[in-house]
Amino acid sequence: MSTEYSRSLGARLRSIRTQQGLSLQGVEEKSNGRWKAVVVGSYERGDRAVTVSRLAELADFYRVPVSELLPDGAEVKQSEERATKIVLDLEKLYESSNEELGYVARYARAIQQQRGDYNGRILSIRADDMRALAIMYDKSPSEFTDRLAELGVLVPDPRAFFAGS
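Residues numbered from 1 in each chain as written. Predicted model: local features only at pLDDT ≥ 70, side-chain atom pairs only at ≥ 80, totals over all residues. Heavy atoms only, no water.

**Topic: the pattern of salt bridges**
- This structure, assessed with the given rule, holds 10 salt bridges.
- Arginine 45 is the salt-bridge partner of aspartate 47, the closest N and O atoms lying 2.8 Å from each other.
- Overall, aspartate 47 belongs to the partly exposed group, its relative accessible area being 42%.
- Classification of arginine 45 as partly exposed rests on a relative accessible area of 43%.
- For the salt bridge of aspartate 128 with arginine 131, the shortest nitrogen-to-oxygen distance reads 2.0 Å. (Salt bridge = Lys/Arg side-chain N within 4 Å of Asp/Glu carboxyl O. Buried < 20%, exposed > 50% of the residue type's maximum accessible area, 1.4 Å probe, protein only.)

Here is the structure:
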């Protein structure tokens, strides 16, 4: 399961922990058993995928913003970023029976709620949102974008979408 991205994320987690002077056992003790040393260690080695909610909880435990736990540049290089915005086709996403899209659908609903954006047809995904979603799937943002395209839930050309409205 270990990928370059998860190893980079793990190295970042280890860096934050050691900056705070904590051993893995120290994390378990300080958290009163909430964070098991073996689990945190597996996140740090990149052997276990960490969900966004668990990453947020870990950031809260370390008292740092979630963005500080993400690898430098979040493994998204300018050359990898797409020229166009990433736009989800919400109708296709919400109608899909593919279980792989479950987290994406829940996350999209949360973004809609946060933004107060209920047009129900499309949703633009910001770079930070893509990084967070990619983490849940243990992929780089570009790999995750490619997977969403394969699953048919991206609007290929948002300009064309609006022109046809």
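What follows continues from the structure just given.
**Some points on the packing of aromatic side chains**
- Counted by the stated rule, this structure contains three aromatic pairs.
- An aromatic cluster is defined as three or more aromatic residues linked by ring pairs; in this entry it consists of Tyr103, Tyr137 and Phe144.
- The residue whose ring lies beneath arginine 109 is tyrosine 94, and the NZ or CZ to ring-centre distance is 4.2 Å. (Phe/Tyr/Trp six-rings, centres within 6.5 Å; stacked < 30°, edge-to-face > 60°. Lys NZ or Arg CZ within 6 Å of the ring centre and 35° of its normal.)

**Brief notes about helix α4 (residues 52–62)**
- Residues Val52, Leu55, Leu58, Ala59, Phe61 and Tyr62 constitute the buried set of α4.
- Buried-residue contacts for α4 involve α1 (4–19), α2 (24–30), α3 (37–45), α5 (66–69) and α8 (127–136).
- Looking at the residues trailing α4, positive phi occurs at arginine 63, about 60°. (Helix = DSSP H or I, 4+ residues; strand = E, 2+ residues; numbered from the N terminus. Contact = heavy atoms within 4.5 Å.)

**Considerations on α3**
- Taken across its nine residues, α3 has seven buried, putting it largely inside the fold.
- Residues Ala37, Val39, Val40, Gly41, Ser42, Tyr43 and Glu44 constitute the buried set of α3.
- In the core, the buried residues of α3 are packed alongside α1, α2 and α4.
- Looking one or two places after α3, you find glycine 46, whose phi comes out positive at around 80°.

**Notes on unusual backbone geometry**
- In the Ramachandran plot, asparagine 32 falls in the positive-phi region, its phi being about 55° despite a non-glycine side chain.
- The topology assignment puts asparagine 32 in the loop between α2 and α3.
- Residue class for asparagine 32 comes out exposed when judged on its relative accessible area of 73%.
- With a phi angle near 55°, aspartate 138 is a residue other than glycine that sits in the positive phi range.
- Judged by its relative accessible area of 12%, aspartate 138 is buried.

**Side note on the environment of serine 8**
- Tracing the backbone shows serine 8 in helix α1.
- Taking the relative accessible area as the measure of exposure, serine 8 reaches 21% and is therefore partly exposed.
- Taking the C-alpha atoms as reference points, serine 8 and proline 71, 63 residues apart in sequence, are found 5.7 Å from one another.

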